[in-house]
Amino acid sequence: MHKAIITFVMKNWIKSFIRPEVGHFEPYLPGRSMESVRRERGLSRIIKLASNENSLGPSKKAISALNRAAANAFRYPDGASTSLREILAQKYHVKKVQVIIGAGSDELIELLGKTFLTPSDSIVVSEHAFIRYQMAAELMGAAVIKVPMRHYTHDLSRMAEAVRKSTKLLFIANPNNPTGTYNTSFELESLLRRIQAINRRRKKPVLVVVDEAYYEYARALQKDYPDTLELQRRFPYLVILRTFSKAHALAGLRVGYGFAKAEIIGALDRVRPPFNVNTVAQAAARASLGDDLHIRQSVALVTTERKKVLPSLARLGLSVIPSVGNFFLTDVSPHKGSAMFEQLLNRGIIVRSMD
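Undergrad: Would you mind going over the overall build of the chain with me for this structure?
TA: Secondary structure assignment for the chain yields 15 helices and eleven strands. Its C-alpha atoms give the chain a radius of gyration of 22 Å, within 12% of the compact-globule value 20 Å for 355 residues. Here the C-alpha coordinates of the chain stretch approximately 70 × 55 × 50 Å along the principal axes. The buried share of the chain, reckoned over its 355 residues, is 47%. By sequence separation, contacts in the chain at least 24 residues apart represent 71% of the contacts at least 6 residues apart. As presented, the chain carries roughly 18,800 Å² of accessible surface, and 57% of it is formed by carbon and sulfur atoms.

This is the structure in structure tokens:
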């Protein structure tokens, strides 16, 4: 009896002690791992299509650099990822103080929330945008303003209209995950001009965050894909996020990077945990930046396979949303996505249900 009372009191104490935002926070659920499906279903052959990974694998240069760096795993990493910042700055013609490195762009999204958002603030996102933007706001108690999509694409005009006095961040995934659609250079510049006009009228500016996780694929496939670094020179409140997880095929090492004004980077660096990107991840990312051939091969693989896969799905009567990433969204109506997910899982094929 006494143990039961103590357990009851402790559980209630925990609930009353944590922040309300954490108590109601829904954790992010990643795609199923191959090992968990293998154990659960007793299957020997598993095909994972759920996490938009690069099936070509990492650059050989990255693997060699990773193996060499492993010998120094007993030492703490360079906390600021200095060399990686310098290489990115040189490659993209920006100053080193305009670059930040994160444990995946996921961490950078969370850092933006922790650095800039309070319970009196809000963010603007598309209704079906990458869920991590919403999570970054909810963790800090900020309001989330959701704007309906137009043809499965960010409606940037309506997103600009949705900005309130409380809005600090406006997130755009370009291309968007999970729809795979993108906004053109003209559309993005039009939004930035509208936000520029809003910022001139108010003391608290709105930062526009463009998440380009699939940048390498979209840039190669679409001529009207935005040159965000060029836009950033004209619109300094623009924040750009990219990652080594997709085309660079380093998802398991967790390395992302961002470009912004030095003042914004400085603020994010205050909140960024020390040693957030480990030694071998930094080494692999540096080497991967020096292997342009691997990126071209990764993009070519997606381009080739798209020509095979999409017509096959069309012959099955499935409607596929046009995508400029290395993934696509398909409508399986009248079936439920969760039901199709289970049926495919029984065959050892891991996809993602979007119900």
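Undergrad: What is the right way to read the environment of Glu86 from this model?
TA: Relative to the helices and strands, Glu86 is located in helix α5 (residues 82-92). Look at Glu86 and you get partly exposed, because its relative accessible area is 34%. C-alpha separation for the pair Glu86 and Lys96, spaced ten residues apart in sequence, amounts to 5.6 Å.

Undergrad: Teacher, can you tell me more about the nonpolar core here?
TA: Nonpolar side chains tend to gather and get buried jointly when the protein is soluble and globular. One finds Leu170 and Val208 to be the most contacted residues of the largest nonpolar core, which totals 76 residues. In this structure Leu170 touches Val124, Met159, Val163, Leu191, Ile195, Val206, Leu207, Val208 and Val209, once residues within four positions along its chain are discounted. Core analysis: the second largest hydrophobic core is formed by eight residues, Tyr214, Ala247, Val302 and Phe327 among them.

Undergrad: So what exactly am I meant to see when it comes to the pairing of strand β2 (residues 99-102) here?
TA: Every regular strand shows the same layout, with side chains that alternate between the two sheet faces. What you see with β2 is no split at all: Val99 and Ile101 on one side and Ile100 and Gly102 on the other are buried throughout. Note that β2 and strand β8 (residues 256-259) share four bridges and pair antiparallel. By the bridge assignment for β8, Gly102 is matched with Gly256.

Undergrad: How should I be thinking about the packing of helix α6 (residues 104-116) against helix α7 (residues 131-139) in this particular structure?
TA: Axis angle and axis distance: for two packed helices, these are the angle between their axes and the distance between the axes, and together they describe the pair. Closest axis-to-axis distance for the α6/α7 pair is 8 Å, and the angle between their directions is 35 degrees. In this structure, the crossing between α6 and α7 has a hand that is right-handed. Every residue of α7 that contacts α6 at Asp106, Ile109, Glu110, Gly113 and Lys114 is listed here: Arg132, Tyr133, Ala136 and Leu139.

Undergrad: Sorry if this is basic, but what is going on with α6 here?
TA: It helps to recall that an α-helix has 3.6 residues per turn; residues three or four apart then point in one direction. For α6, built from 13 residues, the straight-helix expectation of 18 Å at 1.5 Å per residue is met to within 8% by its first-to-last C-alpha distance of 19 Å. Of the residues making up α6, those classed as buried are Gly104, Ser105, Glu107, Leu108, Ile109, Leu111, Leu112, Gly113 and Phe116.

Undergrad: What should I look at first to understand the environment of Lys336 in this one?
TA: With respect to the element layout, Lys336 can be found in the loop between β10 (330-331) and α15 (337-346). On the basis of relative accessible area, Lys336 is assigned to the exposed category, the value being 57%. Measuring from C-alpha to C-alpha, the distance between Lys336 and Ser353 comes to 8.6 Å, with 17 residues separating the pair along the chain.

Undergrad: Just to check I follow, could you spell out unusual backbone geometry for this structure?
TA: Both trends apply: most residues other than glycine have a negative phi, and most peptide bonds are in trans. Note that the residue after Asn174, namely Pro175, is joined by a cis bond; omega there is 0 degrees. Following Asn177, the chain continues into Pro178 via a peptide bond in cis, with omega recorded as 25 degrees. Structurally, Pro178 can be placed in the loop between β5 (167-173) and α9 (185-201). The backbone of Arg254 sits at a positive phi, close to 60 degrees, despite the residue not being glycine. Structurally, Arg254 can be placed in the loop between β7 (238-243) and β8. Take Arg254: its relative accessible area is 30%, and that puts it in the partly exposed class.

Undergrad: Where do I start with the sheet that holds β2 in this structure?
TA: By definition, the strands of a sheet pair up through backbone hydrogen bonds, in either a parallel or an antiparallel sense. Spatial strand order, β2-β8-β7-β6-β5-β3-β4: seven strands in an open sheet with mixed pairing. Looking along the sheet, the strands with just one partner apiece sit at the ends: β2 and β4 (143-147). Put simply, the sheet's adjacent strands are angled 20 degrees from each other on average, direction ignored. Alignment of β5 against strand β6 (residues 207-211), held across five bridges, turns out to be parallel. Residue pairing across strands places Leu170 opposite Val208, the latter belonging to β6. α5 rests against β2, β7 and β8 of the sheet, and its axis sits at about 130 degrees to β2.

Undergrad: Would you explain the pattern of salt bridges in this entry?
TA: Applying the stated rule across the entire model yields 21 salt bridges. When salt bridges that share partners are traced, they join Asp106, Glu110, Lys114, Arg132 and Arg254 into one network.

Undergrad: Just to check I follow, could you spell out the packing of aromatic side chains for this structure?
TA: Each aromatic ring pair is summarised here by two numbers: the centre-to-centre distance and the angle between the ring planes. Under the definition given, this model contains eleven aromatic pairs. Considering the side-chain rings of Tyr215 and Tyr225, the 6.4 Å spacing of their centres and the 50 degrees angle between planes classify their relative orientation as tilted. Of the two residues, Tyr215 is situated in helix α10 (residues 215-221) and Tyr225 in the loop between α10 and α11 (228-234); the sequence distance between them amounts to ten residues. Taken together, the ring pairs connect Tyr92, Phe244, Tyr257 and Phe259 into an aromatic cluster. The residue whose ring lies beneath Lys91 is Tyr92, and the NZ or CZ to ring-centre distance is 5.9 Å. When the ring centre of Tyr92 is taken as reference, the NZ or CZ atom of Arg242 above it lies at 5.2 Å.

The rules behind the values
- Residues numbered from 1 in each chain as written.
- Predicted model: local features only at pLDDT ≥ 70, side-chain atom pairs only at ≥ 80, totals over all residues.
- Heavy atoms only, no water.
- Helix = DSSP H or I, 4+ residues; strand = E, 2+ residues; numbered from the N terminus.
- Rg over C-alpha atoms; globule rule 2.2 N^0.38 Å.
- Buried < 20%, exposed > 50% of the residue type's maximum accessible area, 1.4 Å probe, protein only.
- Contact = heavy atoms within 4.5 Å.
- Areas by Shrake-Rupley, 256 points an atom, 1.4 Å probe, with all protein chains shown as cover.
- Core = buried A, V, L, I, M, F, W, Y, C linked by side-chain atoms within 4.5 Å.
- Pairing = 2+ DSSP bridges.
- Axes fitted to C-alpha atoms, helices over the stretch in contact; angles between N-to-C directions.
- Left-handed = near helix turned anticlockwise from the far one by under 90°.
- Expected span 1.5 Å × (residues − 1).
- Salt bridge = Lys/Arg side-chain N within 4 Å of Asp/Glu carboxyl O.
- Phe/Tyr/Trp six-rings, centres within 6.5 Å; stacked < 30°, edge-to-face > 60°.
- Lys NZ or Arg CZ within 6 Å of the ring centre and 35° of its normal.

Distances and angles like these do not, on their own, reveal function.
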